[in-house]
Amino acid sequence: MSQNCGASAVTTTTTTVSSGTNITITATAGGQALSWFSEPLTTAVTISGTITLNIRCRESANTVNSGIALLIERANNAGTVQSTVSARAVIGAEAGTAEATRTATRTPTSTAFSAGDRIKVTLSVINVGTMGAGTFNTYHDGPATNGSGDSYVTFTEDFVTDDIVDVPVYGIYGSNGYKG
């Protein structure tokens, strides 16, 4: 996970199967399952405020009957899950056949993170009705607000990590902001 925008949107492709459900997002059809981890936190924080989800996705055909779900967990520095912050739940309605945004908010289980813990985010394709065979795409790391790949998870709380942010001169906005 990063606060930086990418140079261009990254597309993932997940194969769906008839009567499938809860299929972890993969980089390529039939490929490696994906999860995203934050850098280790350098100070303790408790997540208890609203989490805002904005995920761009699409299904290959209306008969795929699928949507996107998101799971947020607390992991230790080695990546081992310690607890669930926000259980897996569908974000919005069934995906359409064109890339579009699915949004939702979640009220998490109040979860204390220690220094060294990480936030783990896992997306999955979930059935909306009876899933059909096809593919499901998600888009992330996009360079423009509301454009292709503008997917994100926003927490109410502020986190401190050792993540070094490279801010090019053209990317500085206002007195405290940046955008890659």
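Our structure's up above, just so we're on the same page.
Structure report, in brief. (Residues numbered from 1 in each chain as written. Predicted model: local features only at pLDDT ≥ 70, side-chain atom pairs only at ≥ 80, totals over all residues. Heavy atoms only, no water.)

**Comments concerning the overall build of the protein**
- Counting secondary structure elements, the protein contains zero helices and 14 strands.
- Listed by position from the N terminus, the elements making up the protein come as β-β-β-β-β-β-β-β-β-β-β-β-β-β.
- Of all 180 residues assigned to the protein, the portion counted as buried reaches 37%.
- By sequence separation, contacts in the protein at least 24 residues apart represent 77% of the contacts at least 6 residues apart. (Helix = DSSP H or I, 4+ residues; strand = E, 2+ residues; numbered from the N terminus. Buried < 20%, exposed > 50% of the residue type's maximum accessible area, 1.4 Å probe, protein only. Contact = heavy atoms within 4.5 Å.)

**A short note on the pairing of strand S6 (residues 66-75)**
- With ten of its ten residues buried, S6 lies for the most part within the structure.
- Judged from the ten bridges that link them, S6 and strand S10 (residues 118-127) form a sheet pairing that is antiparallel. Of the residues in S10, the one forming a bridge with Ala-69 is Ser-124.
- Here S6 pairs with strand S7 (residues 81-91) via seven bridges, running antiparallel. Within the sheet, the bridge partner assigned to Ala-75 lies in S7 and is Val-81.
- Between the end of S6 and the start of S7, which pair antiparallel, lie five residues, with Gly-79 showing a positive phi angle near 95°. (Pairing = 2+ DSSP bridges.)

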